Amino acid sequence: MLERDHTVVTINGKEFLADPGQNLLDLINSSGENVPQICYNESLGPIQTCDTCVVQVNGEMQRACGLKVEAGMKVQTELPQVQMAQKEALDRILENHELYCTVCDYNNGDCEIHNTMAEFGLEHQSRPFQEKPYNRDDSGAFYRYDPDQCILCGRCVEVCQDVQVNETLTIDWERQQPRVIWDNDVPIDQSSCVNCGQCSTVCPCNAMMEKGMEGEAGFLTDQEPGLLKSMIELTKKVETGYGPLFAVSDSEAAMREERIKKTKTVCTYCGVGCSFDVWTKDRHILKVEPNAESPANGISTCVKGKFGWDYVNSEKRLTKPLIRRDDTFHEVEWDEAISYVAKRMTEIKEKRGSDDLGFISSSKATNEESYLMQKLSRQIIGTNNVDNCSRYCQSPATKGLFRTVGHGGDSGSIDDIAKANLVLTIGSNTAESHPVLASRIKRSQKLFGQKLFVFDLRKHEMATRADRFYQPKSGSDLVWLSAVSKYILDQGLEDKNFIEEWVNEFDAYRESLEPYTMEYASELTGIPKQELIEVAEEIAKADKVSICWAMGVTQHMRGSDTSTAISNLLLLTGNYRREGCGAYPLRGHNNVQGCSDFGSMPNFFPGYEETTDDEVRARYEQAWNCTIPKEPGKDNHQMIEAIHAGNLSAMYVIGEDTGIVDANINYVTDAFEKLDLFIVQDLFLTKTAEYADVVLPAAPSLEKEGTFTNTERRIQRLYKSLDPLPGAKPDWKILQLIAQEMGGAWNYEHPSEIMAEAASLAPLFAGVSYERLEGYHSLQWPVHEDGTDEPLLFQEGFPFEDGKARFYPLEFELEYDTSEKYDLHVNNGRLLEHFHEGNMTYKVEGIARNTPNPFVEVSPELATERDIREGAEVKLISEAGEATGVVTVTDRVRGKELFIPMSANGKSAVNFLTDNRVDKDTNTPAYKEIAVRMEVMRKEGKSPIPPNNHRRGNPVPQISVNVENKWERNDYVFPGDQVNKDG
Amino acid sequence: MAKSITNIKRLEISKEEQQERDLQEVREAVTENKEAILKGIELLSALDEVGTLDTAYAFSHSKKKALKYVVDEISKDQYAQLLENLPEIVFMLGDLDVKTVRETTNRLNEGIKEMNDTAVDQKTTIFDLAKALKDPEINRSITMMMQFLKGMGRQ
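Summarised in this report is the structure supplied together with it.

Here is what the cut-offs are and how they apply
Residues numbered from 1 in each chain as written. Chains lettered and ligands numbered in written order. Predicted model: local features only at pLDDT ≥ 70, side-chain atom pairs only at ≥ 80, totals over all residues. Heavy atoms only, no water. Contact = heavy atoms within 4.5 Å. Buried area = accessible area lost by both parts, 1.4 Å probe. Salt bridge = Lys/Arg side-chain N within 4 Å of Asp/Glu carboxyl O. Polar contact = N/O pair within 3.5 Å; in protein donor to acceptor, adjacent residues only side chain to side chain. Helix = DSSP H or I, 4+ residues; strand = E, 2+ residues; numbered from the N terminus. Nonpolar A, V, L, I, M, F, W, Y, C, P; charged D, E, K, R; others polar. Axes fitted to C-alpha atoms, helices over the stretch in contact; angles between N-to-C directions. Left-handed = near helix turned anticlockwise from the far one by under 90°. Core = buried A, V, L, I, M, F, W, Y, C linked by side-chain atoms within 4.5 Å. Buried < 20%, exposed > 50% of the residue type's maximum accessible area, 1.4 Å probe, protein only. Pairing = 2+ DSSP bridges.

With that settled, consider the interface of chain A and chain B. Listed per partner, the contact involves 28 residues of chain A and 24 residues of chain B. Of the roughly 2500 Å² buried between chain A and chain B on both sides combined, carbon and sulfur atoms contribute 59%. Taken together, the links from chain A to chain B amount to three salt bridges. Counting across the interface, chain A meets chain B through 13 residue pairs in polar contact (both at pLDDT 80 or more). For the side of chain A that touches chain B, the secondary-structure elements that each account for two or more residues are α6 (225–238), β13 (322–325), β14 (328–331) and α27 (665–674) of chain A. Tallying contributions element by element places α6(A) first for the side of chain A that touches chain B, with six residues. Tallied by class, the residues present in the side of chain A that touches chain B amount to eleven nonpolar, five polar and twelve charged.

If you want it as structure tokens, here you go:
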């Protein structure tokens, strides 16, 4: 080992080996020495505001957190003057923070001020606490700020500016009494705050706190404000000296452990797969606490994961099975519902054959439940007619990756995206659809020089942040991708060694690129030729390139081909098999990856083994003691078509509001009406359930155990935070009851047994077990029998016979455009705060308060042309149907393009407009290809976006907390200097 | 033709049936926890005998109000000194040399015992006093008290 790889540092006379560039405080912490530290948090890095980690370095007093180790450094942490300086810093903190721990909702054993003071053994306060001239800010929906308790450590600012990168919070150091402010000093509710809640997560005390905790966490904290104040005064009188105070409050904190349950779970919203502890008291959810060990998100969350759980306790939850009789739903007991379902399915199977039934599994359900759904379909019924909602979004990406690299998932982890030198996002509104993942990109771009190129129709947040932003004509991404690839080849900028060693079909691919000249691409996409050339050169030049894409690519008639073109480009430039590189089809739902992985697909068994493979089928037939059809079954789209054609008369849908989220909903709901038997399993009486013959009340993620697989192919366990609402059951139990009633010998006591069965049958998951997934442990498939997983794919080669990837030649033809009659293009997608169709998030009071209405985004140009203004009401008419909505005029869209959020419901639902066009390779609906004409119903009115919506805020970007401004204040003396001065 | 519907006919469970179900649940719980429940009954009756049950009942019933009275009352100025003293007394107890105090207390008790055995109407003259100083037990007491006075007066 080379000498310079390690740096020797002496701490209190003992020598320690440090990593080069290591933070000194980090080293001290790992050396076992104890130095107080309040503003320092490993997930945030040094902020240097609290001064409590003062140590003597080479004879001089300095903040340990502000230094990087250097060879030969001599550090003293125990000298009397060092201790005095540390005490001075701690005293200053207590001037800003009143200790009334026993009646404080934050007294849960993890208050960092409390613990630091107790560890330091601080017995008495030298200077009294001083109230500040500010009121508490209670205006926000989810958290509140108490300036009186705030120690101005700046963690909240750091996390807002540089981790979440929403850039709302700053500390105003110029005031007589500094404080944290929102935007340019407006109340929380009126600011650009997106309520990701990370400020309240990292706050070391009760200054920034989740509202759910208030008056709930402690035994004595639920008091009227006046009484609470008296009790605070009383506590201070009785608890003179901190020793006894801590003893009493520690005992109370220990008692709280008995009453507050903290359960690890995995978020049930998007595909990022955030994990965190949920704090509950009976059925009451106090808060969500992410953990530095959370593998996908660390301490990060978005508003939905942090605060979006009200739906679990919604009064609209179903608690009894429903059976339709004479056009009324009748509540029935479970026994009756199960035997009814079993009897009807058996009848239909016997009369019309197995393939007359269809099953649609859910991305909200666990891997185990997806496995059971396809087992029910294949073993008990005997059909491959089983699919899931990835058909609506991600099948094209999976297809594109199967064609080229062989695994249908992200090629690395979110960490790899953060490490890339250049990130391209194509057709992805990342900051709203995958907020926590977007924050990683925003941080790398803001602090570490990562470049970001965004290709999207809409100028969303990532577009405004991008180093380059292009708006290619809808559906034309394949063309510029291919032209850029051709240019790289023509200039000889491709990674020749990589191609030589790892990729087949080069000549055919090269030939297929012939038509994609820069001129052609520029003409078709509308991006200037010179810009495309620069993009090509930057991609070729960058060492590590990651490409993220989403529905803007996949939900087109050439979604699979465009996904393929992305993968081709990555192969051409050698951007696979290395850290910081790769293909990232950002999965939309929490378990959209896992639902397909575990076999709810018409052509695949779990682990993507084809039904047509005799060896594989024999394996399942033997394990399940049944006969399974060889030919692939019908996908979602084909099932709906089959209903219309009279070839499918029974359908069983779990947790999918197909009647809102499928394209061309008029056509879909018409199909529902034709079914003989329609079974829907959901939390609520959804739009889809309204057409059902039987509705079975299911339990949400917080009420069950199981595993989810996120966009990184990461399998994570969720534990049961709450008992199922009386009357509701987890999907796996319902499926088992039906299978048993129909004669299946199923006998699972716990989801771990289902996983064990799946792992024993599917080689992709051979080593997956609940023991290996304990707590915050996770596995990224493929998982080998010995438990090793593959965070970065293709290390041992690509999963084809010769271990090589393949270029896949493509053709292009533009099939969609607006016309004279339908002259406007409608785009659609998610909003940050509403998930998907919104059936969970509209039930969250705070979210509904800030974002109550759907809207139609219209460009300023179009608004002028049509003479409409904010709040206008318009009717949009496509070939398939019509929808009405209220207008917001914004430059997020341009020209003749409109945007409708997917959470638009009722008459605004975008899927009244979509039609039966699909991706030619996967049958994914071409949601993004809708031409409409617009009729004006009202020229202006009340804006659909209320004044307290974050979109109206004004962020204040800066790096970190500007601690230099604190140091420059006249009343500031560094505690080390103070001690030297005082002698 | 299954049209979209939202009307739900609730499953009506008669009051009697609901009672029967609840009772069954309780019955099962009782059988499973027989010992604990019997002990609980004993405890309750003991608390009832001494009147604690009534007090506890009244306090739980108006916990918030009661707490408010207590906190408001002891927050008054006249209790300030008492409250500040409370922890001080605790600390004082901590500072005392309990072992020595115990020895001294023993002696004190011996003294009291002797005192009670003696008739109070008996008179003591100066001569008796001088003579008493020769008594080793009395002499030891006087010496100890003089040492105590000295220590107490020390600055």
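Now, onward.
All names here are of chain A. Contact geometry of helix α16 (residues 477–490) with helix α20 (residues 529–541) gives a least axis separation of 9 Å together with a crossing angle of 65°. Relative to α20, the crossing made by α16 is right-handed. Facing α16, whose interface residues are Trp480, Val484, Tyr487 and Ile488, α20 presents Leu532, Ile533, Val535, Ala536, Glu537, Ile539 and Ala540. Each residue belonging to the contact of α16 with α20 can be placed in one class, and the counts come to ten nonpolar, no polar and one charged.

Counting residues in each nonpolar core, the largest one holds 60 residues, and the members touching the most others are A:Ile113, A:Met117, A:Leu169, A:Val180, A:Trp182 and A:Met208. Core analysis: the second largest hydrophobic core is formed by 57 residues, A:Val332, A:Ala337, A:Phe604 and A:Ile738 among them.

On to the pairing of strand β29 (residues 714–718) of chain A, then. All names here are of chain A. With respect to burial, β29 is a largely interior element, five of its five residues being buried. Residues Arg714, Gln716 and Leu718 line one face of β29 and the alternating positions Ile715 and Arg717 line the opposite face, and both faces are buried. As paired elements, strand β28 (residues 706–709) and β29 share four bridges and run antiparallel to each other. Looking at the pairing, Thr707 lines up with Arg717 of β29. Following β28, the chain reverses through four residues before pairing antiparallel with β29; Arg713 in that reversal takes a positive phi of roughly 65°. Relative to strand β30 (residues 778–780), β29 is paired through three bridges, and the arrangement is antiparallel. Counted as the bridge partner of Arg714 is Gln780 from β30.

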